[in-house]
Amino acid sequence: QVQLKESGPGLVQPSQTLSLTCTVSGFSLTSYNVHWVRQPPGKGLEWMGRMRYNGDTSYNSALKSRLSISRDTSKNQVFLKMNSLQTDDTGTYYCTRDHDSGHYFDYWGQGVMVTVSS
Amino acid sequence: NIVLTQSPATLSVTPGESVSLSCRASQSISTSIHWYQQKSNESPRLLIKYASQSISGIPSRFSGSGSGTDFTLSINRVESEDFSIYYCQQSYSSYTFGAGTKLELK
């Protein structure tokens, strides 16, 4: 069955770099797009960026200067790196997927909580 | 960037009532709107795709309508499990989410 699972450190110091991994199963990264979406505590959802099935990437313009998304298809993993973290980057980070035949998010990971604090 | 405005922010209802949640886009987006439900401490769940298309496994009391800039998620006879936050998302130009509507018990 389709699964996505985020992993990474729960605590990051201000000004440091966040590194997260999304490990997928039940589908191919060369057929589906994988996205990162985050949610500050008690707030709404924010689209961060996308790894397309063909390896292309796109980013939220508000985060583009700090964000990088990459992948390892042999390991079924998509990676997020975001630098210069501040306290307002605290929140739950989700990976999710869509397909070029329909740009809606049909499966989501459980999310990983990231706290930015010294 | 396309901005989605959801209203109301909070809707207080009793079980059995039928409700409509609104999502308005800052420009025309055809039917490129999708709806999600998020329960407390859970990941979002897809309810409706492309404004009105149903999703397998989602109860039939959930329906969607609209095109252009105005969209509606309707819940026919709210059940206790429906109290949660609902988000709309557009895929017409990049991706953005609305701020959400919280459906709470009156």
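What counts and how
Residues numbered from 1 in each chain as written. Chains lettered and ligands numbered in written order. Predicted model: local features only at pLDDT ≥ 70, side-chain atom pairs only at ≥ 80, totals over all residues. Heavy atoms only, no water. Salt bridge = Lys/Arg side-chain N within 4 Å of Asp/Glu carboxyl O. Buried < 20%, exposed > 50% of the residue type's maximum accessible area, 1.4 Å probe, protein only. Helix = DSSP H or I, 4+ residues; strand = E, 2+ residues; numbered from the N terminus. Core = buried A, V, L, I, M, F, W, Y, C linked by side-chain atoms within 4.5 Å. Contact = heavy atoms within 4.5 Å.

Engineer: With reference to specific residues and values, describe the pattern of salt bridges.
Structural biologist: Oppositely charged side chains are able to pair whenever their charged atoms sit close together. Residues and elements named next belong to chain A. Scanning all chains against the criterion turns up nine salt bridges over all chains. Its salt-bridge partner being Arg38, residue Glu46 comes within 2.6 Å of it at the nearest N-O pair. Exposure remark for Glu46: the relative accessible area of 25% places this residue in the partly exposed category. Taking the relative accessible area as the measure of exposure, Arg38 reaches 8% and is therefore buried. Here Asp89 and Arg38 are joined by a salt bridge, their closest N and O atoms 2.7 Å apart. Of this pair, Asp89 sits in the loop between β8 (77-82) and β9 (91-99) while Arg38 sits in strand β4 (residues 33-39), and the two are 51 residues apart along the sequence. Relative accessible area serves as the criterion here: at 1%, Asp89 is assigned to the buried category.

Engineer: So, the nonpolar core: which residues are in play, and what are the values?
Structural biologist: In this structure, Leu4, Ile33, Trp35, Leu47, Tyr86 and Phe97 of chain B are the most contacted members of the largest nonpolar core, which totals 36 residues. Broken down by secondary-structure element, the contributors of at least two residues to this core are β10 (102-108) of chain A together with β3 (19-25), β4 (33-38), β5 (45-49), β8 (70-75) and β9 (85-90) of chain B. Looking at this core, the element that brings in the most residues is β3 of chain B, giving four residues. Sequence-distant contacts of Leu47 of chain B, defined by excluding residues within four places in its chain, comprise Trp35, Tyr36, Gln37, Ile55, Ile58, Phe62, Leu73 and Tyr86 of chain B. With 25 residues, the next largest nonpolar core counts Val2, Trp36, Leu80 and Met82 of chain A among its residues.

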